[in-house]
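# Commentary on secondary and tertiary structure
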Amino acid sequence: MDPPALPADPARLRRRLLLWYDANRRDLPWRAPPGGRADPYAVLVSEVMLQQTTVATVRPRFLAFVRRFPTLEALADAPLDDVLHEWQGLGYYRRARALHGLARTVRDGGGALPATVAGLEALPGVGPYTAAAIAAMAFGVPTVPVDGNVARVLARLARVETPLPAAWPVLRRLAADLAGAGAGEGAGDGRWGDLAQAAIELGALVCRPAPACGGCPWREVCEARAAGVEAALPRKAARAAKPRRYAVAFLVRRDDGALLLRRRPETGLLAGLVELPTTPWQEGPFRDEGAILAGAPEALDLRPLPGEVRHGFTHLDLTLGLWTGAGHEAGDGFFWRQDRLGELALPTLTRKLLRLGGITPGARP
DNA sequence: AAGTCGGGGAA
DNA sequence: TTCCCAGACTT
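A brief look at the structure comes next. Everything quoted here is computed from the prediction, not taken from an experiment.

The next thing to look at is the protein's contact with DNA strand C. The local shell around DNA strand C holds 29 residues, among which Gly-125, Tyr-129, Asp-147, Asn-149 and Arg-152 are the closest. Within 4 Å of the protein, the contacting atoms of DNA strand C are drawn from sugar and phosphate to the extent of 61%. In terms of residue count, helix H8 (residues 128-139) provides more of the surface near DNA strand C than any other element does, 4 residues in total. Here the surface near DNA strand C is built from residues that sort into 11 nonpolar, 9 polar and 9 charged.

Next comes the structure, spelled out in structure tokens:
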């Protein structure tokens, strides 16, 4: 089969897409008003938050984040723990660390975000997608960022049958073709930020995994639709099954009501966040009390609470029981916390366990 | 190229 | 349940 190519002139595709976007765009807090200019810091924060995270989740968290850290300089001046606290529950906590590091890098380098794809991609936490997105949306660079939405749109438009992830280079080339000059460039060109938003928006609203072609501005030229294969694209390589792991967490209280906690290591899963003590995670369920007590912190009268917590990570599913007891000494790596749990950066897994134990740490930001 | 890194909502 | 989300980084 011929190598995939855009089925129509790029300038014509761009015009059709922008007309659709003008009539169908969502009003999102980080977006420039129609005809206006987006705030680079807002674009940066939103794009990092939106990495593998839905708009519905990000919208309120974005508003809270920029309220607490209104400028790149304010973010650079804040302690990392404050940033992690503001990020709790969002997942992929490396993003928060990278964003904080990025802010300090930029502040120490003069204070302005780079305005080029290459300059942006050199910053921590900014990869090919995010660099292109910021360049287009905040600085008007003529480039079309390829995220999961745009990959789906382009794979269908040009009928790319190669499965992901092998198809990524093909899709990036198609995106570059779309951003290229094309014959008779005209109305709409110059709106490169809107074009980037529009390509993503089309994937999010119309060219979804279950496509709604009736509302698509490209339906008449879409090659997947012409062949009747739109719902099957993009094809994807089979993924490995997620293993399940088991552990028991411990709700240990001191006489004064303080709770025994520990901080996770600075790298790896849930890096630097605060959690309840647990046994090591193991491949099968715990069968006898001895194995549980062997993994427990020093405590008296340990006994199981009814119920369990299930929590899914990206590459494994975890099932935890919860035991409770009384203690008075915090061993190495542990600490007591009496109140104001809401001020700690707690992962969702820990919140689920606390809820099972009848504790509400307070609303997260 | 493959593995690591969260959590939630929709189908 | 499974999929997938405005992906990046490490090895």
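Take the pattern of salt bridges next. All told, the structure shown has 21 salt bridges when counted by the stated rule. Arg-107 is the salt-bridge partner of Asp-108, the closest N and O atoms lying 3.1 Å from each other. The class of Asp-108 is exposed, set by a relative accessible area of 61%. Here Arg-264 and Glu-275 are joined by a salt bridge, their closest N and O atoms 3.0 Å apart. Here the residue Arg-264 occupies a position in the loop between strand E2 (259-263) and strand E3 (274-275), and Glu-275 occupies one in strand E3, the gap between them amounting to 11 residues. Each of Arg-337, Asp-339, Arg-340 and Glu-343 takes part in salt bridges that share partners, so that together they form one network.

Before going further, it helps to examine a positive patch on the surface. A cluster of basic side chains, namely Arg-12, Arg-16, Arg-219 and Arg-225, defines a positive patch on the protein surface. Residue placement: Arg-12 occurs in helix H1 (residues 10-24). Arg-12 gets classed as partly exposed once you look at its relative accessible area, which sits at 38%.

Once that is clear, we can look at the side chain of Glu-230. Positionally, Glu-230 belongs in the loop between helix H12 (223-227) and strand E1 (244-253). The contacts of Glu-230, once residues within four sequence positions are left out, are Arg-156, Pro-211, Cys-213, Ala-224 and Arg-225.

This next bit is on the pairing of E2. Within E2, 4 of the 5 residues are buried, leaving the element largely enclosed by the surrounding structure. Bridge count for E2 against strand E7 (residues 334-337) is 4 bridges, and the pairing is antiparallel. Bridge assignment links Arg-262 to a residue of E7, and that residue is Phe-334. Note that E2 and E3 share 2 bridges and pair antiparallel.

For the rest of this paragraph, the subject is the packing of H1 against helix H10 (residues 168-179). Angle between the axes and distance between the axes: these two values describe a pair of packed helices. Interhelical geometry of H1 versus H10 gives an angle of 85 degrees and a closest axis separation of 7 Å. With respect to H10, the element H1 is oriented roughly perpendicular. Of the residues in H10, those in contact with Pro-10, Leu-13 and Arg-14 of H1 are Asp-177, Leu-178 and Ala-179.

This part is about the nonpolar core. By size, the foremost hydrophobic cluster in this structure holds 101 residues, and its most contacted members are Phe-65, Trp-87, Leu-171 and Trp-218. No other element matches H8, which puts 8 residues into this core. Each of domain 1 (10-232) and domain 2 (244-356) accounts for three or more of the residues forming this core. Setting aside its immediate chain neighbours within four residues, Trp-218 contacts Leu-13, Arg-16, Leu-17, Val-153, Leu-157, Leu-178 and Leu-202. Phe-250, Leu-302, Trp-323 and Trp-336 belong to the second largest nonpolar core, which has 9 residues in total.

Glancing now at the protein's contact with DNA strand B. Around DNA strand B lies a shell of 18 residues, among which Thr-53, Tyr-93, Leu-270, His-311 and Thr-314 are the nearest. Within 4 Å of the protein, the contacting atoms of DNA strand B are 58% sugar and phosphate, with bases supplying the remainder. With respect to DNA strand B, the backbone of Leu-269 contributes an N or O atom lying 3.3 Å from a phosphate oxygen. Separating a phosphate oxygen of DNA strand B from a side-chain N or O atom of His-315 is a distance of 3.4 Å. A per-class count over the surface near DNA strand B returns 7 nonpolar, 10 polar and 1 charged.

Most of helix H2 (residues 40-49) sits out of view: 9 of its 10 residues are buried. Against helix H3 (55-68), helix H4 (72-77), helix H5 (80-87), helix H6 (94-108) and H8 lie the buried residues of H2.

Another point: the state of the cysteines. Across all of its chains, the model carries 0 disulfides by this definition. Distance from the sulfur of Cys-213, which forms no disulfide, to the nearest cysteine sulfur (Cys-222) is 6.3 Å. Residue classification places Cys-213 among the buried positions, given a relative accessible area of 18%.

Each value, and the rule that gives it
Residues numbered from 1 in each chain as written. Chains lettered and ligands numbered in written order. Predicted model: local features only at pLDDT ≥ 70, side-chain atom pairs only at ≥ 80, totals over all residues. Heavy atoms only, no water. Near = heavy atom within 4 Å. Helix = DSSP H or I, 4+ residues; strand = E, 2+ residues; numbered from the N terminus. Nonpolar A, V, L, I, M, F, W, Y, C, P; charged D, E, K, R; others polar. Salt bridge = Lys/Arg side-chain N within 4 Å of Asp/Glu carboxyl O. Buried < 20%, exposed > 50% of the residue type's maximum accessible area, 1.4 Å probe, protein only. Patch = residues over 30% accessible without salt bridge, like charges linked within 9 Å, V, L, I, M, F, W, Y side chains within 5 Å. Areas by Shrake-Rupley, 256 points an atom, 1.4 Å probe, with all protein chains shown as cover. Lys, Arg positive; Asp, Glu negative; His and termini not counted. Charge placed at Lys NZ, Arg CZ, Asp CG, Glu CD. Contact = heavy atoms within 4.5 Å. Pairing = 2+ DSSP bridges. Axes fitted to C-alpha atoms, helices over the stretch in contact; angles between N-to-C directions. Parallel < 35°, antiparallel > 145°, perpendicular 65-115°, else oblique. Core = buried A, V, L, I, M, F, W, Y, C linked by side-chain atoms within 4.5 Å. Domains from an automatic or database assignment. Polar contact = N/O pair within 3.5 Å; in protein donor to acceptor, adjacent residues only side chain to side chain. Disulfide = S-S within 2.5 Å.

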